[in-house]
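What follows is the residue order along each chain.
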Amino acid sequence: MGITAALIKDLAFRCGFELAGITPARPAEDFARFERWQSQGYAGEMRYMTDRRGDLRADPRNLLPSAQSILCVGKVYRTARENAPKNEGTKPARGRISRYARGGDYHELMRNRLTELVNLIRERCDQPFEWRISVDTAPLLERSYARLAGLGWIGKNTCLINQQQGSWIFLGEVLLSVPLPPDSPAPARCGTCTRCIDACPTDAIVPDGNGGWSLDSRLCISYLTIEKRGEVPAELAARTGNHLFGCDICQEVCPWNGRAPVSDEPWFALSAFAPLLTDLAALTEEKFRQTFRHTPVWRAKYAGFLRNVAFAMGNSGQAEMLRPLERLARHADPLVASSARQALAHLKRTTPA
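Residues numbered from 1 in each chain as written. Predicted model: local features only at pLDDT ≥ 70, side-chain atom pairs only at ≥ 80, totals over all residues. Heavy atoms only, no water.

*Asks:* Quick rundown of the overall build of the protein? Include the residues and the values.
*Replies:* Counting its regular elements, the protein contains 14 helices and 10 strands. A globule of 353 residues ought to have a C-alpha radius of gyration of about 20 Å, and the protein, at 21 Å, matches this closely. The principal-axis extents of the C-alpha atoms in the protein amount to approximately 75 × 45 × 40 Å. When burial is assessed residue by residue, the protein has 54% of its 353 residues classed as buried. Within the protein, contacts between residues separated by at least 24 positions form 76% of all contacts whose residues are at least 6 apart in sequence. Looking at the protein as shown, the accessible area adds up to about 16,200 Å², and 51% of this sits on carbon and sulfur atoms. In the protein, 46 side chains carry a positive charge and 38 a negative one; their mean positions are 4 Å apart. (Helix = DSSP H or I, 4+ residues; strand = E, 2+ residues; numbered from the N terminus. Rg over C-alpha atoms; globule rule 2.2 N^0.38 Å. Buried < 20%, exposed > 50% of the residue type's maximum accessible area, 1.4 Å probe, protein only. Contact = heavy atoms within 4.5 Å. Areas by Shrake-Rupley, 256 points an atom, 1.4 Å probe, with all protein chains shown as cover. Lys, Arg positive; Asp, Glu negative; His and termini not counted. Charge placed at Lys NZ, Arg CZ, Asp CG, Glu CD.)

Structure (structure tokens):
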């Protein structure tokens, strides 16, 4: 049997992906937008977006020279228990970890499923072909090709949104050396809605100069708590709330997520849901390793995570956080200690005597 688009998408669904579509492996018009985004400095310190790896995004054939088609897939990761206990006016204070990072590392799951998919394709097709799997880490304009493949549109918050599945979706791709009929892009359906823009605490969603919207990563809570290394300006740290790793606000307020389906994938079972800040402030490096080594939170590293914990404590408005912050201010790691002192000063200014 030869390779057909219908067969490939059917096999993708069998492998557990809720979305699948195909687009040609050719340069995307969105690369010009990506270059403008780079030139405006919106990548911040993410050098993998601005160095040679950024340039590789100009053409998917830089990843696989023989590529003719891209199979784009989406995996829903929304879980049933989704809203962390409210921190405002309650005790004890808890932190918030982005929904995508509350279970196992999605890179491993997606790569395993895509490898399974490629093996199924190879078993059922009599013609040889070359392929390459991409899951987030390769220099590829994932959302752009997912849009072209009909998986959804890119919303004002820059997330890919599917009309039925919402935006709680992990993306993955398989570059194939086989020409396949492409799917049609989905129409944009954000309309005049600005809920994500209005809800962002740091005003990170900014006009792109062409009538659309872009993300200034330097202001984004996800960037500040994950990608940003070292010190965080006090003004921004004070606006990160109790977020410890990532931020879901622009997705939580999106109307298209109101009826988004729930995943029963065991891989996404919650582990670190809404942890106590006092417990996290006492984490040793070894305990951090044991708790988060196989989750996305590991990317923040020990000092970066405790920095975020300190800011969440400083933003809590609770006098009970003064003593644990004072202990963190004496931490052996200079970044943790300085961040705790910064958070301590903020807490003292904003907490009634």
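Having put the structure on the table, let's press on.
*Asks:* Report on the packing of helix H1 (residues 5–14) against helix H4 (residues 106–124), specifying residues and quantitative values.
*Replies:* To describe two helices that pack against each other, one gives the angle between their axes and the distance between the axes. Where H1 contacts H4, the axes come no closer than 9 Å and their chain directions differ by 135°. Relative to H4, H1 is oriented oblique. The handedness of the crossing between H1 and H4 is right-handed. Counted together, Leu7, Ile8, Leu11, Ala12 and Arg14 of H1 and Leu117, Leu120, Ile121 and Arg124 of H4 form the full contact between these two elements. Looking at the contact of H1 with H4, its residues break down into 7 nonpolar, no polar and 2 charged. (Axes fitted to C-alpha atoms, helices over the stretch in contact; angles between N-to-C directions. Parallel < 35°, antiparallel > 145°, perpendicular 65-115°, else oblique. Left-handed = near helix turned anticlockwise from the far one by under 90°. Nonpolar A, V, L, I, M, F, W, Y, C, P; charged D, E, K, R; others polar.)

*Asks:* Now, about a positive patch on the surface: what can you tell me, with residues and values included?
*Replies:* A cluster of basic residues, Arg229, Arg289, Arg293 and Lys301, forms a positive patch at the surface. Relative to the helices and strands, arginine 289 resides in helix H11 (residues 285–292). You can call arginine 289 partly exposed: its relative accessible area is 41%. (Patch = residues over 30% accessible without salt bridge, like charges linked within 9 Å, V, L, I, M, F, W, Y side chains within 5 Å. Salt bridge = Lys/Arg side-chain N within 4 Å of Asp/Glu carboxyl O.)

*Asks:* Could you give me a rundown of helix H2 (residues 30–39), with the residues and numbers involved?
*Replies:* When we look at burial in H2, the residues that qualify are Asp30, Phe31, Phe34, Trp37 and Gln38. Looking down the long axis of H2, one finds its buried residues gathered within 110° of arc, a one-sided arrangement. The inward-facing, buried residues of H2 abut helix H3 (52–55), helix H5 (142–148), strand E5 (153–154) and strand E9 (213–215). Remark: glycine 41 follows H2 within two positions and exhibits a positive phi of approximately 80°. (Arc of directions from axis to C-beta.)

*Asks:* Can you explain the pattern of salt bridges? Please cite residues and give values.
*Replies:* Here the structure, examined in full by the defined rule, presents 15 salt bridges. Here lysine 75 makes a salt bridge to glutamate 18, at a shortest N to O gap of 3.6 Å. Pair noted here: lysine 75 is in strand E2 (residues 69–76) and glutamate 18 is in the loop between H1 and strand E1 (19–24), with a separation of 57 residues, a long-range link. Classification of lysine 75 by relative accessible area gives buried; the value is 6%.

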